[in-house]
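Listed here are the chains, written in short residue letters.
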Amino acid sequence: MTPNEFLQRTALQQADLLIKDATLLTPAGEQQADVAVIAGRIAALGAANWQADKVLDAKGLHLLPGVIDTQVHFREPGLTHKEDIAHGSKGAVLGGVTGFFEMPNTNPLTLSASCLQEKLTIAAKHSYCHYAFYIGGSAANLGQLATLEQLPGCAGIKVFMGSSFGDLLAEQDELLLKILQDGRRRVAIHAEDEARLRQRKTLTGGDVANHPLWRDAKSALLATRRIIALAEQTDRPLHILHVSTAEEMAYLAAFKHRVTVETTPHHLTLVAPDCYQRLGSLAQMNPPVRDALHQQGLWQGIADGTVDILGSDHAPHTLAEKNQAYPDSPSGMTGVQTLLPVMLNHVAKGRLSLQRLVDLTSSSPARIFGLTGKGRLAVGYDADFTLVDLKAQRQIDNSWIASKAGWTPYHGEQVTGWPIATVIGGQVAMQHDEILTGPIGKPFLFADGLVNT
Ligand code: DOR
């Protein structure tokens, strides 16, 4: 639809979709108003006299700008027995998530324009929500990163400083420095110090409860300090993924001119040693879930603003794989579908406000990565919405999980707060736990001059 047609339809007050009686989470705060959608965009907030082809009754519910999960592993191509883009994105939509950034440790690794294109082609056919893909930064594609990071549909460059799952690794300072010099967009970092991880591997002792001892807090802090020093030298912005320690959180607060900070629902929710006793290797994740003192440090970062973004780090492995003896059991757990219910439960318990949750899952992803049309309930913005019932009491169950892996570490947990509908580009993609559309996702547009094909 052309801008002029949009204006004409707006003048006629004729919408494709009208969301009635929700409490809206707008940049100006909470507001009670009807929302009119035309051609996938917000045409009006406060649309009392509008007509519409479809009306969504949202009385008693809260309407958030669409939740964006900026860290998932959807395993396609190459590892589709664990997950694929269709299942992963269905899980996203069922969990109230309207878009994702996907990580490059697939098979083959996403290191080239053709590998990125392959993922974009699969997503165009199979993704139920919006998408972008990271390209891995490594010795193999050094010198090309400045070009690769500008490609449409690319979320940026991702670097693994410590090996986690797959072969993607950039360990030495010399290589990291060159990666940071090659390009200008924000680089996403998995910060664990590989040399220290290698030294300490003997501490695993065949017991998953030792996972945070092997991959200890110092391994994470060391890597975070190293990469920040290199980024200061090269004047490159960073995004530190899945921060798991109190020490890093305090350190990162002094470098907000340089870094944005992610933490995850599992680091905020599960706690050692309890999680390893209850869940065994299902709680095994890199960086590890740590003890209550670290968790308090992460919550402090949520409270004081050091944390910018919550990513799920959805990293599915099959139960058979997870059941191998530790440390052969792979690290990773599902998370894209439970990100919002788990965090709404924290809202219900008063640990953060709904407004702050919107900041962490929608406004900040859009602001930090420069996503066109996303992250705000505002006229002209894209009609990607997450409609939630803050009072709904539900039990998270493996049978609800769409991931090919088929399990969640939160199986059996009671939560208060649930996604009731997911709206993607003005279409109701999920309502009452049912997927209602086909794969309608589109590539995210990045505002820094990048256009999509
Ligand atoms: O535990 C993890 N698993 N952490 C990561 O960073 C990678 C992930 C995976 O891909 O399985």
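Refer to the preceding data block for the structure.
All residue numbers refer to positions counted from 1 along the written sequence of the respective chain. Per-residue local features of the predicted model are confined to residues with pLDDT of at least 70, and side-chain atom pairs are confined, for both listing and counting, to 80 or more; whole-chain, interface and lining totals are unaffected and use all residues. Side-chain metrics rest on all non-hydrogen atoms present in the structure, leaving aside hydrogens and water.

Q: I would appreciate a short explanation of the sheet that holds strand 3 (residues 29–32) in the present structure.
A: Across a sheet, strands are paired by hydrogen bonds formed along the backbone, either parallel or antiparallel in direction. Any two strands with at least two DSSP-identified bridges between them are counted as paired. Secondary structure elements follow DSSP: runs of H or I of four or more residues count as helices, runs of E of two or more count as strands, with numbering from the N terminus. Strands sit in the order 3-2-7-16-17-18-19 across an open sheet of seven strands; the sheet is mixed. Here the strands that pair on one side only, and so sit at the sheet edges, are strand 3 and strand 19 (434–435). In terms of strand pairing, strand 17 (residues 414–424) meets strand 18 (residues 427–431) through four bridges, oriented antiparallel. For Ala 421, the partnering residue across the bridge sits in strand 18 and is Gln 431. Only heavy atoms enter the contact rule, under which two residues are in contact if any of them lie within 4.5 Å. Convention adopted: a line fitted to C-alpha atoms gives each axis, helices being fitted over their contacting stretch, and angles between N-to-C directions are expressed from 0 to 180 degrees. Set on the sheet, helix 15 (residues 354–369) makes contact with strand 2 (23–26), strand 3, strand 7 (62–65) and strand 16 (385–395); between it and strand 7 the angle comes to about 30°.

Q: Sorry if this is basic, but what is going on with the packing of helix 5 (residues 173–181) against helix 8 (residues 217–234) here?
A: Two packed helices can be described by the angle between their axes and the distance between those axes. Direction vectors running N to C along helix 5 and helix 8 enclose 45°, while the axes themselves pass 10 Å from each other. By the angle between their axes, helix 5 is oblique relative to helix 8. The interaxial crossing formed by helix 5 with helix 8 has right-handed handedness. Between helix 5 and helix 8, the contacting residues are Asp 173, Leu 176, Leu 177, Leu 180 and Gln 181 on the first element and Arg 226, Ile 227, Leu 230, Ala 231, Gln 233 and Thr 234 on the second. Three classes are used: nonpolar for Ala, Val, Leu, Ile, Met, Phe, Trp, Tyr, Cys and Pro, charged for Asp, Glu, Lys and Arg, and polar for all others, with Gly counted as polar. Residues that form the contact of helix 5 with helix 8 fall into these classes: six nonpolar, three polar and two charged. Should an angle fall under 35 degrees it is called roughly parallel, over 145 degrees roughly antiparallel, and 65 to 115 degrees roughly perpendicular, with every other angle called oblique. Should the near helix be turned counterclockwise from the far one by less than a right angle, the crossing is left-handed, whereas a clockwise turn marks it as right-handed.

Q: Explain the site of the ligand here, please?
A: As a matter of local geometry, the ligand sits amid 15 residues, with Arg 75, Asn 105, Asn 286, His 317 and Ser 331 nearest to it. Polar contacts, as used here, are pairs of N or O atoms within 3.5 Å; protein pairs need one atom able to donate a hydrogen and one able to accept it. Residues neighboring in sequence count only if both atoms are side-chain atoms. The separation between a nitrogen atom of the ligand and a polar main-chain atom of Ser 331 is 2.9 Å. Values of accessible area rely on a 1.4 Å probe in the Shrake-Rupley scheme; residue burial ignores everything except the protein chains shown. Considering the ligand on its own, with 290 Å² of exposed area, one finds that the protein chains cover 100% of that surface. Residues of the shell around the ligand, tallied by class, amount to four nonpolar, nine polar and two charged. A cutoff of 4 Å decides nearness: a residue is near a molecule or strand if any of its heavy atoms lies inside that distance of it.

Q: How do you make sense of the sheet that holds strand 15 (residues 309–310) when you look at a structure like this?
A: Judged by pairing direction, the sheet is parallel, and its eight strands sit side by side in the order 8-9-10-11-12-13-14-15 without closing on themselves. Where the open sheet ends on each side, the last strands, each with one partner, are strand 8 (67–72) and strand 15. Here strand 14 (residues 259–263) pairs with strand 15 via two bridges, running parallel. Its bridge partner being in strand 15, Glu 262 is matched across the sheet by Ile 309.

Q: I tried to follow the nonpolar core on my own but got confused; where do I start?
A: The nonpolar side chains of soluble globular proteins are, as a tendency, buried together. Nonpolar cores were defined as sets of buried Ala, Val, Leu, Ile, Met, Phe, Trp, Tyr and Cys residues, with membership established by side-chain atoms within 4.5 Å. The buried label applies to any residue whose accessible area, calculated with a 1.4 Å probe on protein chains only, is under 20% of its type's maximum; exposed applies above 50%, and partly exposed to all values in between. Of all hydrophobic cores here, the largest spans 96 residues; its most connected members are Val 159, Ile 189, Ile 227, Leu 238, Ile 240 and Leu 357. The element best represented in this core is helix 14 (residues 339–348), accounting for six residues. Look past the residues within four positions of Ile 189 in its chain and what remains in contact with it is Val 159, Met 161, Ile 227, Leu 238, His 239, Ile 240 and Leu 241. Among the nonpolar cores identified, the runner-up in size contains 20 residues, and Ile 19, Val 35, Leu 63 and Leu 377 belong to it.

Q: How should the packing of aromatic side chains be read in this particular structure?
A: Any two aromatic rings considered together are summarised by their centre-to-centre distance and by the angle between their planes. When the centres of two rings from Phe, Tyr and Trp lie within 6.5 Å, Trp using its six-membered ring, the rings pair. Their planes under 30 degrees apart give stacked, over 60 give edge-to-face, and anything left gives tilted. Enumeration over the complete set of coordinates arrives at 10 aromatic pairs. Their ring planes at 75° and their centres at 6.1 Å tell us that Phe 101 and Tyr 134 sit as a pair that is edge-to-face. Taken together, the residues span a long stretch of sequence, with Phe 101 in strand 9 (residues 97–102) and Tyr 134 in strand 10 (residues 130–136) at a distance of 33 residues. Side by side, Phe 101 and Tyr 134 carry an identical accessibility label, which is buried. Connected via pairs of aromatic rings, a cluster forms that spans Phe 101, Tyr 134, Phe 369, Phe 444 and Phe 446. Sitting over the face of the ring of Phe 160, Lys 158 holds its NZ or CZ atom 3.8 Å from the ring centroid. We call a charge positioned above a ring when the Lys NZ or Arg CZ atom is no farther than 6 Å from the ring centre and deviates by at most 35 degrees from the ring normal. Its guanidinium or amino end placed over the ring of Phe 446, Arg 185 lies 4.6 Å from that ring's centre, counting from NZ or CZ.

Q: In this structure, what is going on with unusual backbone geometry? I would like to understand it.
A: Excluding glycine, a negative phi dihedral is what most residues carry, and trans is how most peptide bonds are arranged. Cis geometry marks the peptide bond from Glu 76 to Pro 77; its omega dihedral reads 10°. Considering the arrangement of structural elements, one finds Pro 77 in the loop between strand 8 and helix 2 (85–94). Put simply, Asn 107 and Pro 108 share a cis peptide bond, and its omega is 5°. Structurally, Pro 108 can be placed in the loop between strand 9 and helix 3 (113–126). Phi at Asp 235 is positive, roughly 55°, even though this residue is not glycine. As for its placement among the helices and strands, Asp 235 is situated in the loop between helix 8 and strand 13 (238–240).

Q: Can you help me understand the packing of helix 2 against helix 3 in this one?
A: Between helix 2 and helix 3, the shortest axis-to-axis distance is 9 Å and the interhelical angle comes to 55°. Taken together, helix 2 and helix 3 sit at an angle that is classed as oblique. Note on packing geometry: the crossing formed by helix 2 with helix 3 is right-handed. Of the residues in helix 3, those touching helix 2 at Ile 85, Ala 86 and Ser 89 are Lys 119, Ile 122, Ala 123 and His 126. A breakdown of the residues in the contact of helix 2 with helix 3 according to their chemical character gives four nonpolar, two polar and one charged.

Q: Help me understand the side chain of Ser 138 in this model?
A: Checked against the element boundaries, Ser 138 lands in the loop between strand 10 and helix 4 (145–148). The class of Ser 138 is buried, set by a relative accessible area of 7%.

Q: Sorry if this is basic, but what is going on with the pattern of salt bridges here?
A: Once their charged atoms are close, side chains differing in charge can pair, the charge on each being opposite to the other. Every case where a carboxyl oxygen of Asp or Glu lies within 4 Å of a side-chain nitrogen of Lys or Arg is listed as a salt bridge. According to the stated counting rule, one finds 23 salt bridges in the structure shown. Notably, a salt bridge pairs Glu 321 with Lys 82, separated by 2.9 Å at the nearest N-O pair. Of this pair, Glu 321 sits in helix 13 (residues 319–322) while Lys 82 sits in the loop between strand 8 and helix 2, placing them 239 residues apart in sequence. A single burial state applies to Glu 321 and to Lys 82, both of which are buried. With a shortest N-O distance of 3.5 Å, Arg 200 and Asp 216 are connected by a salt bridge. Within this pair, whereas Arg 200 is found in helix 6 (residues 194–200), its partner Asp 216 is found in the loop between helix 7 (211–214) and helix 8, the two being separated by 16 residues in sequence. Accessibility assignment for this pair places Arg 200 and Asp 216 in one class, buried. Each of the salt bridges in this network shares a partner with another, and the network as a whole consists of Glu 171, Glu 194 and Arg 198.

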